[in-house]
Structure formats: structure tokens, C-alpha cells
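Below are the chains, spelled out letter by letter.
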Amino acid sequence: MDRKIEKKTWTPKFIAMIAGATLLVGFVVYQLVFADSRSSMNVAMERVTIATVKSGEFTDYIPVSGTIEPGEVFFLDALEGGNISKIVRESGSFVKAGDTILLLSNSKLQLDVMERESGLYFQLNNLRQVRLQLDQNDLNQQGQLAEIDYQISLLKPQYERFRELHSKKLVSDREFEEVKEQYEYNVKRRKLTYEAYRNDSISRVAQKRQLQDSESRMNQSLQGVGRILDNLAVRAPIQGQLSTQQIEVGQAITAGERYGQIDILDKFKVRVPIDELYLPRVSTGLKGTFSFSGGEYELEIGKIYPNVTNGRFEVDMFFTGEVPSGIRRGQTVRIRLELGESEQAVLLPTGGFYKDTGGNWVFVVNQSTGKAEKRSIRLGRKNPEYYEVIEGLETGEKVIISGYENFGKNEVLNLN
């Protein structure tokens, strides 16, 4: 008799199917919930540069190059033109005030000076003649007054005597009137002559003063004309080091031409060109330092030239302390120019990443997993060595600071 065989539900095949389905569902759930879905790529450790974020003093500075220049310069411009007849002091020599540098010759100028001197002497002689005439007129008028006074001194006693005799009827009317007329005429004549003399004297005083002023000016002009030829001997106005252009004997120099300069060597300054980007942040009083012959020297901005040429403006920096010995005009020094006060901050070393991210994000290394993950950050000021980190990074974290141009849009880097 046939026996009914019962079909088993949990067969090995069915159990295997259930287990496979469970594993598949679990894998899907894990991928959806727990797995890292970010894009990634493998990167060799030796191809990236990793730096550590640290806390320290942030110094806001820029590196600039400056040229040593004399603190004071006296430019040499020819007062008179001429041909160089002799070079007394060569370029580079040290001169004292009054030392002769060049001798010039100018025949035309010499003739012109002689003519001007002759004209001034002629005018001076004319002034002296006018003064002599004034003196002679004064003497003539004084002589006239003396003659009138003499006549009055003779006529007055006679007039008084005749007047007394006439009152006694001892002289005739005609004789008395003749003496009286002569006396009164001379008295009136003296009055008029003296009035004319007084007026002429006032005028003569003013004329003599004018003549004296004119003569003084002419004498000064005569001295000035005489000094014109002295300008053909070019002399050093101050003490210092002479620096001239390439000049030779016989070379013509025109009036007003600049042929050299004298540098005062006890003072130096540094002329520094700076990118126009920093113009709003640069002001007088900012300090900078540079190294020279093993020493550190400090400078301070004393003058700013606001004109911008080829994207740069210039400043003059002066030494605040000791001037390095052995420094020479024209030397170039590398200066660390501070733009602000130093402050404590979180610092991230500079690197090529900035040009790819604009400082908005970086790859931060997770040492436990061996991965570098993309993270948003915010950076502040920058100097040639560090960025100031405002947020997004902590002290001690490690960051890839080399360029990111080969990483594409991946968010995770597997460091091998």
C-alpha cells in the first residue's frame, strides 16, 4: 500500500535562498544607510605635501626689495655753459666744499662780461657826474647867499645911518631912497634866494639818495657780472662723494645741464617699489627689517610717493638705528615690511592648494583611516609663510597643502 510523503518546507535549498536574500537586503541597507558614498581616489603619499596646523604669532608682512640711496643728494647743474678745459676731480672721488671739479672755457661769455662791465662803469661815471653837478649847484647857491649877506652887511649900517640923518634933514630924500632901495632889494633878494636854496636842498637830498641807491645796485651788478666768470670754475658746494656722467675734456656743457651729483655719505635711505595692491595699507611709520653682513637692521617708512607706475608705487625707508658699515649706493636689500601688529592665531602653512580652492576648503588628513577628507574652512590674512585660519581647522590637524589640480571633484583621497 502506497504511503503519502510529506513535503518539507525548510529545505536546504530554501534556507540557502532565504539566507542569500537576507544578505542581499542587508547589503543594500548598509550601502544606503552606513556606507560612504562620496567619490574617492587613490593618491600616493609621496605625491602630496602635508603640513600641520599650529598656533603661533601671525605677522602681517610682505617681502619687498629696495635699493640703497644716499639720504641727501646735491645735484650739480651747470650755471654757465662752455667747453670742458680741465677735469680736476674724477667721478667717485671725495670732495670738500669749495673743491674745484671742472674748469670751463667760454670766449663768448668772456666778451659779454667785458661789454656788460664797460656799460656798468659808464653808467657809474654818469651817476658820479650828476652827483658832482648837484654838489656844484649847492656850492653856487651857497656862494650867492654869502654874497648877498655880504652886501646886506655893508648896506644895513649905511641904511640905518642915512635913515637917522634923513630924519634930521641932513641928507636929501634922493640919497636916502637910493640907499634904502639897495638895502631892501638885497634883503628881498636874500629871502628869494634862500627859499630857492631850501627847496633845491630838499630835492638834492632825495636825488642824492636815489643816486646812492642806483650806484649801490650798479656796484652789486658789477660784482655779479664779475662772478659770472667764476662760474666757469665749477666747485663742490658741499662735502661728499662725487658722481658724474661720462665727461671728457673738450666736451660742451650747456647752461642748466645736470652733469653729476654729490652724495652725503653719513645718511642713507632705501627706495622701495611696492605693488599697488598694498597702497591703501601702507602708511608712514611702518617698519621693516633686513639682514646685511650677519646683522639685522630696522627701517621705517618716512615718505610715500603716491604715483603708480607699471602697477607699483614707491616709498622711502630710513634707518631707525645703526646704519650698516660697508653699505653702498645702488645695492639691493631684501626687506620684510610689516603691514600690521603681530597677533596670536591658528596658522596654516601656505601652499599651492589656494589657487585651486580659493581658500574655501582643504583636504584634512585622518591619520586613523589613512584618508584625506574635503572640509570647508575660512582663511583670513596671508603672509609669505602662513595663512590666518579663522574657522574650520584646529591646532594639530594635518592638511594637504600642495596643489589640488589632479584630484578632480573627488571628496575623499585614499592615501597609500
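For the structure itself, look to the data block above.
The text that follows walks through the structure, step by step, so that each part is easy to find. (Residues numbered from 1 in each chain as written. Predicted model: local features only at pLDDT ≥ 70, side-chain atom pairs only at ≥ 80, totals over all residues. Heavy atoms only, no water.)

**Points about the side chain of D99**
Within the fold, D99 resides in the loop between β6 (94–95) and β7 (100–105). A polar atom in the side chain of D99 sits 2.8 Å from the backbone nitrogen of K96. In this view, D99 contacts R89, V234, R235 and A236; residues no more than four positions away in its chain are not counted. (Helix = DSSP H or I, 4+ residues; strand = E, 2+ residues; numbered from the N terminus. Polar contact = N/O pair within 3.5 Å; in protein donor to acceptor, adjacent residues only side chain to side chain. Contact = heavy atoms within 4.5 Å.)

**Some thoughts on the layout of surface pockets**
A volume near 210 Å³ is recorded for the largest pocket. Along the walls of the largest pocket sit 15 residues, with D77, L79, V234, R235 and Y259 positioned nearest its centre. Listed by contribution, the elements that provide at least two residues to the lining of the largest pocket are β4 (61–77) and β8 (233–235). No other element matches β4, which puts 4 residues into the lining of the largest pocket. Here the lining of the largest pocket is built from residues that sort into 10 nonpolar, 1 polar and 4 charged. (1 Å grid on protein atoms, 1.4 Å probe; cavity = no way out; pocket = protein on both sides within 12 Å on 5 of 7 lines; lining within 4 Å. Points joined across faces, edges and corners; volume = space filled by probe spheres on them. Nonpolar A, V, L, I, M, F, W, Y, C, P; charged D, E, K, R; others polar.)

**Side note on the nonpolar core**
Looking at soluble globular proteins, one finds that nonpolar side chains tend to be buried together. Among the nonpolar cores identified, the biggest contains 27 residues, and I84 and L102 are the most heavily contacted of them. The set of elements that each furnish at least two residues to this core consists of β5 (82–87), β7, α2 (107–167), α3 (173–230) and β11 (258–275). A per-element tally of this core places α2 first, with 6 residues. L102 has contacts with I84, K86, I87, L232, A233, V234, I247, I253 and Y259, leaving out every residue within four places of it along the chain. Core analysis: the second largest hydrophobic core is formed by 24 residues, V53, V365, I401 and L415 among them. (Core = buried A, V, L, I, M, F, W, Y, C linked by side-chain atoms within 4.5 Å. Buried < 20%, exposed > 50% of the residue type's maximum accessible area, 1.4 Å probe, protein only.)

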